[in-house]
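Residue-level structure breakdown
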Amino acid sequence: MGALLAISGGILDAYTYLCRGKVFANAQTGNIVLVGINSAEGNWKGVFSAMIPVVAFMLGVLVTELTRHRIDNDKLQRIHWRHFNIFLEIALLAIIALIPLGHLDHLVNIVVSFVCSIQVQTFRKVHGNPFATTMCTGNLRSGTEALLNYIRTGNGEAAHKSLCAYGLIGFFVLGAIVGALLSGHIPVLVIPLVIVIYAVVFLMMTEWKLQ
């Protein structure tokens with residue numbers, strides 16, 4: 001499931017950068033750098049474009065936490081909060097899939113960044129270890145640290161953690177490759193593909209008792 005989510009993260013980042021105004025859906029550090037660069041150049045339209053996904057990402061974190069708190073406190077527990085969030089992501093992506101390229105790109109970037117924020121806030125661990133499925137910097141740090149720990153101590157858990165981290169990075173890169181190829185040749189299929197991936201994740205979660 002972590003692999004599927006990492007692939008979707010890479011696909012969406014490639015799509016928003018290549019098809020929706022050269023901003024990143026997930027890498028808010030990159031967008032903040034773009035804010036600084038555009039500010040230095042006096043390109044206020046570029047500043048606005050780069051700030052939109054940053055604000056949307058922040059809102060996604062807030063909504064996810066509010067949802068988790070609300071549903072976790074529901075005594076009837078009709079639905080797990082992660083199921084609700086993945087369903088919300090699917091619904092939002094289904095809406096923007098209808099928006100043609102070159103139209104309402106700012107709105108599309110808002111929604112995609114919001115969706116990615118929900119994903120990173122909802123799915124924060126792989127095999128009990130904290131990892132991210134929508135960005136790579138933290139995984140690169142954690143994986144390298146665990147690799148060094150394994151080299152020093154021979155600890156099997158450290159090796160497993162390192163493999164998980166590097167594996168997620170690899171799947172994210174795979175997603176970026178797929179997203180770039182589709183964006184360059186059949187861009188209308190990008191969002192539907194991510195919706196299918198999220199639907200598979202939703203079905204996988206129905207088989208488990210989520211904590």
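Just so it is clear, the structure is predicted and the values come from calculations on it, not from any experiment.

The secondary structure content of the protein chain amounts to eight helices and two strands. Reading the protein chain from its N end, one meets helices and strands in the order α-α-α-α-α-β-β-α-α-α. Over its C-alpha trace the protein chain gives a radius of gyration of 18 Å, about what one expects of a compact globule, namely 17 Å for 211 residues. Summarising its shape, the C-alpha atoms of the protein chain cover approximately 50 × 45 × 30 Å along the three principal directions. Within the protein chain, contacts between residues at least 6 apart in sequence are counted, and of these 69% link residues at least 24 apart.

What follows covers unusual backbone geometry. The phi dihedral of Lys22 is positive, around 60 degrees, even though this residue is not glycine. Along the chain, Lys22 falls in the loop between helix 1 (2–19) and helix 2 (28–41). At Leu104, a residue that is not glycine, the phi angle is positive and equals roughly 55 degrees. Inspection of the secondary structure puts Leu104 in the loop between helix 4 (81–96) and helix 5 (105–122). The exposed category is assigned to Leu104, whose relative accessible area is 56%.

Attention now goes to the pattern of salt bridges. The tally for this structure, following the rule as stated, stands at three salt bridges. Put simply, Arg20 and Asp105 hold a salt bridge, and the shortest N to O gap is 2.6 Å. With Arg20 in the loop between helix 1 and helix 2 and Asp105 in helix 5, this pair connects stretches of sequence that are 85 residues apart. Arg20 gets classed as buried once you look at its relative accessible area, which sits at 0%. Here Glu65 makes a salt bridge to Arg68, at a shortest N to O gap of 2.7 Å.

Attention now moves to the packing of helix 1 against helix 5. Closest axis-to-axis distance for the helix 1/helix 5 pair is 11 Å, and the angle between their directions is 160 degrees. The angle between helix 1 and helix 5 falls in the class roughly antiparallel. For helix 1 against helix 5, the interelement crossing comes out left-handed. Here helix 1 contributes Leu5, Ser8, Gly9, Leu12, Tyr15, Thr16 and Cys19 to the contact with helix 5, which in turn contributes Asp105, Val108, Asn109, Val112, Cys116 and Gln119. When the residues that make up the contact of helix 1 with helix 5 are grouped by side-chain class, the tally is seven nonpolar, five polar and one charged.

It is worth spelling out the confidence of the model for the protein chain at this point. Detailed conclusions should not be drawn from predicted coordinates in areas where pLDDT is low. When pLDDT is averaged across the protein chain, the result is 87; 94% of the residues are at 70 or more. Averaged over each element, pLDDT in the protein chain is lowest for strand 1 (residues 125–126) (74) and highest for helix 7 (residues 156–185) (94).

So, about the side chain of Ser117. Looking at where Ser117 falls in the secondary structure, it is placed in helix 5. Of the polar contacts made by the side chain of Ser117, one reaches the backbone oxygen of Phe57; its length is 2.5 Å. With near-sequence residues (within four places) excluded, Ser117 lies in contact with Phe57, Gly60 and Val61.

In this section: helix 2. Structural remark: α-helix, 3.6 residues per turn; residues separated by three or four positions point the same way. Taking 1.5 Å as the rise per residue, helix 2 with 14 residues should run 20 Å; its terminal C-alpha atoms sit 20 Å apart, in good agreement. What helix 2 keeps buried is the set Gln28, Asn31, Val35 and Asn38. Down the axis of helix 2, the buried side of the element spans an arc of 80 degrees, and every buried residue falls inside it. Those residues of helix 2 that are exposed and aimed more than 90 degrees away from the buried face are Thr29, Ala40 and Glu41. Note on helix 2: the residue one or two positions beyond its end, Gly42, has a positive phi of about 75 degrees.

A cluster of nonpolar side chains, namely Leu140, Leu147, Leu148, Tyr150, Ile151 and Tyr166, defines an oily patch on the protein surface of about 540 Å² accessible area. Considering each element in turn, the nonpolar patch owes the most residues, five residues, to helix 6 (residues 137–153). Tracing the chain through its elements places Leu140 in helix 6. Note on Leu140: relative accessible area 46%, which makes it partly exposed.

Each value, and the rule that gives it
Residues numbered from 1 in each chain as written. Predicted model: local features only at pLDDT ≥ 70, side-chain atom pairs only at ≥ 80, totals over all residues. Heavy atoms only, no water. Helix = DSSP H or I, 4+ residues; strand = E, 2+ residues; numbered from the N terminus. Rg over C-alpha atoms; globule rule 2.2 N^0.38 Å. Contact = heavy atoms within 4.5 Å. Buried < 20%, exposed > 50% of the residue type's maximum accessible area, 1.4 Å probe, protein only. Salt bridge = Lys/Arg side-chain N within 4 Å of Asp/Glu carboxyl O. Axes fitted to C-alpha atoms, helices over the stretch in contact; angles between N-to-C directions. Parallel < 35°, antiparallel > 145°, perpendicular 65-115°, else oblique. Left-handed = near helix turned anticlockwise from the far one by under 90°. Nonpolar A, V, L, I, M, F, W, Y, C, P; charged D, E, K, R; others polar. pLDDT = per-residue confidence, 0-100. Polar contact = N/O pair within 3.5 Å; in protein donor to acceptor, adjacent residues only side chain to side chain. Expected span 1.5 Å × (residues − 1). Arc of directions from axis to C-beta. Patch = residues over 30% accessible without salt bridge, like charges linked within 9 Å, V, L, I, M, F, W, Y side chains within 5 Å. Areas by Shrake-Rupley, 256 points an atom, 1.4 Å probe, with all protein chains shown as cover.

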